[in-house]
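Chain by chain, the residues run as shown.
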Amino acid sequence: MTVSWSGSRLAKSLLIALICLVFIAPILIGLIGTWLPALGYLPGLNSNYDSSRYLSLDAMAQVFAHPSTVASLKLSVGSALSATFIAFVLSQWLCLNLYRSALWGVLKHSIAPLLAIPHLAFSVGLVFLISPSGWLMRLVSPVLTGMSIPPDWLIVNDTYAASLTLGLVLKETPFFLLMSLSALSRFEHQKTLQIAASLGYSHPVAWQKLIFPQMYPQLRLPMLAVLSYSLSVIDISLVLGPNAPATFAVLVNQWFGHSDLNFRYLGAAGASLLLLLVLMFILLLYIIEVFLKKATKSWLVAGAKDLAKEVVSQWMAKVTLFFMLLVSVGCMAGLLVWSFSQRWRFPDALPELYSLKYWQKSGLQLLEPLQNTAIIGISSALIAVLICIALLQWQSKVQLGSAKPGFKKSLLWLIYVPMLVPQVSFLFGVQVLMVRLNLDGQLLSVIWIHLLFVMPYAYLTLAQVYLRFDERYLQQASILCQSKWRAFIYVKLPMLFKPIAFSFAVAFAVSVAQYLPTLYIGAGRVNTITLESVVLAGGSDARVSAVFALWQFILPLIVYVAALVIPQICFRNRREL
Amino acid sequence: MLKSTQKKSVDSAALYRYIAVALLTASSPSWALDSKETIAEQWQKTLAEAKGQTVYFNAWGGSQTINDYISWAAKSVKEQYQVTVKQVKITDTGDVVSRILAEKTANRTTGGSVDLVWVNGENFRAMKDNELLADAYTQRMPNYALVDTENKPSTVYDFTTPVDNLEAPWGMAQLVFMHDTEKLSVAPTDMASLLQTLQSNKGRFSYPALPNFHGTTFVKQALLELVDDPQLLTKPVVEADFARISAPLWVYLDKLHPLMWRGGKTFPKSAQQMKQLLNDSELFISLSFNPSDASNAIANDELPNSVKTYVHAKGTLGNTHFVAIPFNANAKAGAEVFANFLMSAKAQLHKANPTVWGDPTVLAMDKLSADERKAFAELPLGVATLTSEQLGKVLLEPHSSWVSALEKAWIARYAK
Amino acid sequence: MKKNTDKSFRLDNLQLSVDGQTLFLPVSFQILAGELLVVMGPSGCGKSSLLSAIAGALPSAIKMTGELILANKSLNLLPIERRGIGLQYQQDLLFPHLNVAGNLLFALPRGDKGKRATAVEAALESANMQGFGERDVATLSGGQRARISLLRTLLARPKLLLLDEPFSRLDDELRQDFRLFVFAQIKRMKIPAILVSHDRQDCPNKEYYALSLGKMVALGDNNNPF
């Protein structure tokens, strides 16, 4: 943070060095550590591979020779692309249609709790809800369906990855909504809409022609992040996805864990292939963007023409939002009921026997994992938010023109790298790095790796608000108290307390949900609630899975609630905050 | 010693010959070498060294029942030997093997992150082949002498890979099926009658997709029942013969899959999930490697008490699961103490209790004291458990090379 | 007058340039304590940049030459918070997370609690706002906010007051009130002050200087059309 103040070159270089070391070094080394085995180099394996195969593309050829690869890639690409596309369009459509409705407030307030639900907990809940023997069927059976045994319907784990896509859409739409709101706050959208209205544009058309093009630059990165995440997600895919074959990320993970250690080569090659896919999609998006910009050039200025059936689509948007909320509440409620049940068979709508046993037992058992999760989450989120503030403070100086841009642009991309690069494509290499440095299995290393993944989200949620801050408050304050530091701490930070707290909560939730990084770097010794949940989410015991999924939800929920409530308590008599 | 005289894999010789060798050697392991120091003296040293150590026990954590048992065992060694055991709950033993491999790649020959790992079969072979295991040690453990190496050949041959004292037997497993008698009163007796049963109960059975351990086991069981000459399976796979020998299996599975859960288009994630599906009545038949699984689950209200265990008439596959110490374990002495405790009569008795876990013991009854024998004899059987007579014949695992061949062929057929 | 010279503010040959283009001719002047210099000119002529230069808040793109001297000390190398200036914009910039008293206390140097409270009370009294200390600033009227903002600036005991169109946001009646309030406060504080404005009304009477585009204009003639 000294950077922003003194503008000292040393401090700036230190910040850059820190960011490179903390964020870029592990990813780069991790990638190399994955590419080497992908190219046939994996010392330590007494394999039948001979050195002539070093630095060859044999492993990649084997990946494509594997019978599951093609089908599995299709599933991954299909589900990731459609989930990203649907969630993105859905979020924009909801924004457009609900912006002027009474539900805008509902939408705004539902984002935080929806984001707090960890992906894994959500998917476990979704299975409890929609599977043929799930809660919905139990509620209507046998009265309405006449069924006393569940039907053999291919709903969950379907071969088209439709339920996986549904799960991803339901989970990513709130994220896009959050990003859209933050993008909206960046410019005078209300005035823009008023001017457009006065020029005879209907609300939806004005939105499409004036608002969306201004929002889009802020949404591009989140979109890529969601795409990369959907392509490489493992835990949700295990619960909701197909398994014969599974999605490509799961397949790669299977190869990394295969009892025949020669599959490590395939795993590494497959992981590298995933990265290639993501890069390809980034390029593809860029091309589509350029094309759309050209194609819509004349449309944007073609003049006003009312063609919207606003009432119908507004009504539909309301129903959709309601449906999304209902499914999420249903998932959580299903988990809750299961967690208190002792015996619950189909087609009973509610458990036959209840028990507190599983909560009681989990409480003792989860003491350490919960503690670890909290420590890792709080430290990584806190460090991330602090680094973000330092960066943003610097950026706002650049914005004001009182500091030179320096490395700004490239630096920002560096922060986003961990969000865009699929986790499996470099974690194997990071694991080797950590082992070499004797850093594996330590809390600090896990915090470090979490920081990598938490940072982009903290930055994404904080940047817009932070950069919109009127710097004259700070100037005024530093003149008044003759200290820039005091002014910063007593004026700027408190005025930005709400968004900072929210960004912290988002970062914390991201940390809690990390599975692979915790597993690979923690060497299993640093146990978190998510590791426990994934181990038990295999579906062995619905009651235990439910309890663990809920625990995984409770921590982020507490932090989200705190992030919303604490600023309100602090500033309860301050209307302007 | 065994290790130096035997080749890494069993080549052309028949399995039985190896078992014979094992019976000769395993019962009196390395006495000659340790003649100067008795086992007891050596063990005292190990105990002293182990005091205060922390053992990271990497064990599959998907079952609450098993996790609870491990906690109990950990508590016992803490009290008795001042060794702290922490269970690292894993989803896949392959991940652990990967981690040890990464450590080997990084030249970490001591201070490894894994002290003890629950392992058998393919993962054991991979660790053995890649020299990821500590030197032979079970012969130094007092309780190893109690293991029934004579009548339980799978304690000496882990899926046909010679154990060579590199892993300590922990428990016995046998493939059993469970059926909900309320929904399906008559249990199938073999693969053919399973197919018949499903014709009138379409969609009510499945098995986990390969390479899942239970899925592979079911396919192996089917193969054993369907091939003309099961003897062929005791030998390594010869690529040229694989298609011919396995042909009846694929014919069978092609008929079975359309009658299975979700039409065989998707599969349960694991045998544990199948238990849940059995409770939900999505399935009428499920499978397990633990003969007491059903009883345990009934006691737990995880399954209704209408569930019963059954096996196929000509026997089902059985094997042994072990614990092994990696080459670079940080707390070797502590791991040995814990592994030794796990083989003790006390620990095995507790484990065999169906209300605790119900995992069959690896110990030989005639090597135990009268009291211990009595305690074992008095163990409750569990409402849904079969007696050892009812459990019938234990079929030996096919040669381990069959696993990867079957897996490959299965994936090429059903997961593309 | 003489005893005040050591508190005066002087500009020597101040010139601002962007990429070698100068914004105005070199400016030199001196303002004595208690005096107000009014800077006028059309928008874009560099009025605000002049103020920023004096405050030490110039964007890095603008280069400055010349000397700034306040109370016989050069300001040139001092950061903004060490220059001892007070700065007022048209926005009051009251801190929304602090109440009225909190805003005022923020400007007071650390010290005896009772004394600081008394100073706040006295300040509120001088603005006829006794008892407003615990109020949320969001509940104040525009005029009240403006007064609190100026009081806050003055409580920090600036040695030079810079006012950047501080009246332009207020409506006509309030503006005259506040203007008189400001002038009275400057007199009371006996510090030099500079006012940037484009409203002729802000030039109260002939005692005040005016500056237009780098050219010092005759003293005290309110009718001078520049």
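Above this text is the structure in question.
The structure displayed is predicted, hence computed values, not measured ones.

Reading the values: the criteria
- For every chain, the first residue of the written sequence is number 1, and numbering continues from 1 along that sequence.
- Naming scheme: in the order in which they are written, chains are lettered from A and ligands are numbered from 1.
- Predicted model: local features are reported for residues with pLDDT of at least 70 only, side-chain atom pairs are reported and counted for 80 or more only, and whole-chain, interface and lining totals are derived from all residues.
- Derived side-chain values reflect all non-hydrogen atoms in the structure, with water molecules and hydrogen atoms excluded from consideration.
- Residue contacts are defined here by distance: any two heavy atoms, one from each residue, within 4.5 Å place the two residues in contact.
- Simply put, the buried area is the total loss of 1.4 Å probe accessible area from both parts when two parts are fitted together.
- Between Lys or Arg on one side and Asp or Glu on the other, a salt bridge is scored when a side-chain nitrogen of the former is within 4 Å of a carboxyl oxygen of the latter.
- N or O atoms within 3.5 Å of each other form a polar contact, as long as, within protein, one can give a hydrogen and the other can take it, and as long as residues adjacent in sequence are counted only when both atoms are side-chain atoms.
- In this description a helix means any DSSP run of H or I spanning at least four residues, a strand means any run of E spanning at least two, and both kinds are numbered starting from the N terminus.
- The buried label applies to any residue whose accessible area, calculated with a 1.4 Å probe on protein chains only, is under 20% of its type's maximum; exposed applies above 50%, and partly exposed to all values in between.
- In short, DSSP must find at least two bridges between two strands for them to pair.
- What counts as an axis is a line fitted to C-alpha atoms, over the stretch in contact for a helix, and the angles between N-to-C directions run from 0 to 180 degrees.

Section: the interface of chain A and chain C
Every contact between the two is made by 29 residues of chain A and, on the other side, 29 residues of chain C. Across the interface of chain A and chain C, roughly 2,700 Å² is buried in total on both sides, 57% from carbon and sulfur atoms. For the pair chain A and chain C, the interface holds 1 salt bridge. Note that Glu81(C) is salt-bridged to Lys484(A), the shortest N-O span being 3.7 Å. In this assembly, chain A and chain C are joined by 4 residue pairs in polar contact (both at pLDDT 80 or more). Mapped by element, the contributors of at least two residues to the side of chain A that touches chain C are helix H21 (471-481) and helix H22 (484-495) of chain A. If you tally residues by element for the side of chain A that touches chain C, the top one is H21(A), at 9 residues.

Structural notes on the pairing of strand S3 (residues 116-119) of chain B
Regular strands place side chains that alternate from one sheet face to the opposite one. All names here are of chain B. Neither face of S3 is left uncovered, since the one carrying Leu116 and Trp118 and the one carrying Val117 and Val119 both have all their residues buried. Looking at chain direction, strand S1 (residues 54-60) and S3 are connected through 2 bridges and run parallel. For Phe57, the partnering residue across the bridge sits in S3 and is Leu116. In the sheet, S3 pairs with strand S10 (residues 316-324) via 3 bridges, with the strands oriented antiparallel. Within the sheet, the bridge partner assigned to Val117 lies in S10 and is Ala324.

Details of the sheet that holds strand S7 (residues 176-180) of chain B
Residue and element names in this part refer to chain B. Spatially, the 3 strands line up as an open sheet ordered S8-S7-S9, and their pairing is antiparallel. Two strands bound the open sheet, and with one partner strand each, they are strand S8 (285-288) and strand S9 (307-310). For this sheet, the mean angle separating the axes of adjacent strands, direction not counted, is 30 degrees. Alignment of S7 against S8, held across 4 bridges, turns out to be antiparallel. Considered in S8, the bridge of Phe177 is made with Leu287. Of the strands in this sheet, S7, S8 and S9 are in contact with helix H10 (residues 271-279), which crosses S8 at around 150 degrees.

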